[in-house]
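Spelled out, the chains give:
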Amino acid sequence: MKPIQVGLLGIGTVGSGTFNVLQRNQEEIRRRAGRGIEIAMVADLDTERARSVVGDTAKVVGDAREIIANPEIDVVIELIGCYGIAKALVLEAIAAGKHVVTANKALLAVHGSEIFKAAAEKGVMVAYEAAVAGGIPIIKALREGLTANQIQWVAGIINGTTNFI
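The rules behind these values
- Each chain has its residues counted from 1, running along the sequence as written.
- Local features are withheld for residues below a pLDDT of 70 in this predicted model, meaning they are given only at 70 or higher, and side-chain atom pairs are given and counted only at 80 or more; totals for whole chains, interfaces and linings count all residues.
- Calculation of side-chain values draws on the structure's entire complement of heavy atoms; hydrogens and water are dropped beforehand.
- When DSSP finds at least two bridges between two strands, those strands are taken to pair.
- The numbering of helices and of strands both runs from the N terminus, where a helix is a DSSP run of H or I of at least 4 residues and a strand a run of E of at least 2.
- Note on contacts: a residue pair is in contact if any heavy atoms of the two residues lie within 4.5 Å.
- What counts as an axis is a line fitted to C-alpha atoms, over the stretch in contact for a helix, and the angles between N-to-C directions run from 0 to 180 degrees.
- Think of it in three bands: residues with accessible area under 20% of the maximum for their type are buried, residues over 50% are exposed, and the middle band is partly exposed, with areas taken using a 1.4 Å probe on protein chains only.
- Take the buried residues of types Ala, Val, Leu, Ile, Met, Phe, Trp, Tyr and Cys, join any two whose side-chain atoms come within 4.5 Å, and each joined set is a nonpolar core.

A.B. asks: What is the right way to read the sheet that holds strand S5 (residues 99-102) from this model?
C.D. replies: Pairing between sheet strands relies on hydrogen bonds along the backbone, with the strands arranged either parallel or antiparallel. In space, the six strands of this open sheet follow the order S3-S2-S1-S4-S5-S6, with parallel pairing throughout. The sheet is open, and its two borders are formed by strand S3 (59-61) and strand S6 (126-127), each paired with just one other strand. Judged from the four bridges that link them, strand S1 (residues 4-9) and strand S4 (residues 75-78) form a sheet pairing that is parallel. Bridging from a neighbouring strand, Leu-8 pairs with Ile-77 of S4. Where helix H1 (residues 13-24) meets the sheet, its contacts fall on S1, strand S2 (37-43) and S4, and the angle it forms with S2 comes to roughly 155°. Sitting on the sheet, helix H3 (residues 47-54) is in contact with S2 and S3, with an inclination near 165° to S3.

A.B. asks: Looking at this structure, how should I read the environment of Gly-36?
C.D. replies: In this structure, Gly-36 sits in the loop between helix H2 (26-33) and S2. Owing to a relative accessible area of 2%, Gly-36 belongs among the buried residues under this scheme. A C-alpha to C-alpha distance of 8.2 Å links Gly-36 and Met-1, two positions 35 residues apart in sequence. Setting aside its immediate chain neighbours within four residues, Gly-36 contacts Pro-3, Ile-4 and Arg-30.

A.B. asks: What's the story with the nonpolar core in this structure? I'm lost.
C.D. replies: Side chains of a nonpolar character, in soluble globular proteins, are inclined to be buried together. Among the nonpolar cores identified, the biggest contains 21 residues, and Leu-9, Ile-67, Ile-94 and Ile-115 are the most heavily contacted of them. Those elements that provide at least two residues to this core are S2, helix H4 (64-69), helix H5 (85-95) and helix H6 (105-122). The dominant element in this core, judged by the number of residues it contributes, is H5, at five residues. Filtering out sequence-adjacent residues up to four positions away, Ile-115 remains in contact with Val-90, Leu-91, Ile-94, Leu-107 and Val-126. Counting 15 residues, the second largest nonpolar core, distinct from the first, contains Ile-39, Val-54, Val-75 and Leu-79.

The following block contains the structure:
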């Protein structure tokens with residue numbers, strides 16, 4: 001089966017870490033999921049730095065919209081940060097029928113309702129577990145593992161920054 005084609009927006013610290021983890025764990029991902037995940041394109045304003053990270057394993061572009069417009073890309077991973085251009089690109093990816101993954105707390109805090117509504121209307125997923133609780137796998141557990149329960153609220157220190165403070 002053809003690997004899931006991913007476009008990565010932003011290859012700074014988090015983006016390069018994500019790229020390296022996905023590259024390093026290809027066999028395990030394929031074994032567990034029954035299908036590989038391939039980062040086919042990377043967009044970053046600093047294309048030279050991006051090329052130094054990805055080498056010749058992915059196409060590097062300076063314009064994130066090239067990834068969104070590419071019909072071969074199934075999933076867009078947004079790791080730009082903030083919520084100006086990130087919001088626009090996420091909404092454009094959703095409108096293009098692409099699933100989105102983000103670790104962007106600010107984006108979801110300010111524009112989450114709009115983003116989730118757009119995704120529901122388009123029938124795509126927005127995965128954001130890395131943006132909450134310091135990467136603790138809580139969202140999936142709440143959504144899928146506890147569906148028969150009526151959870152009213154959750155309280156506690158739920159991210160690494162707050163925990164540090």
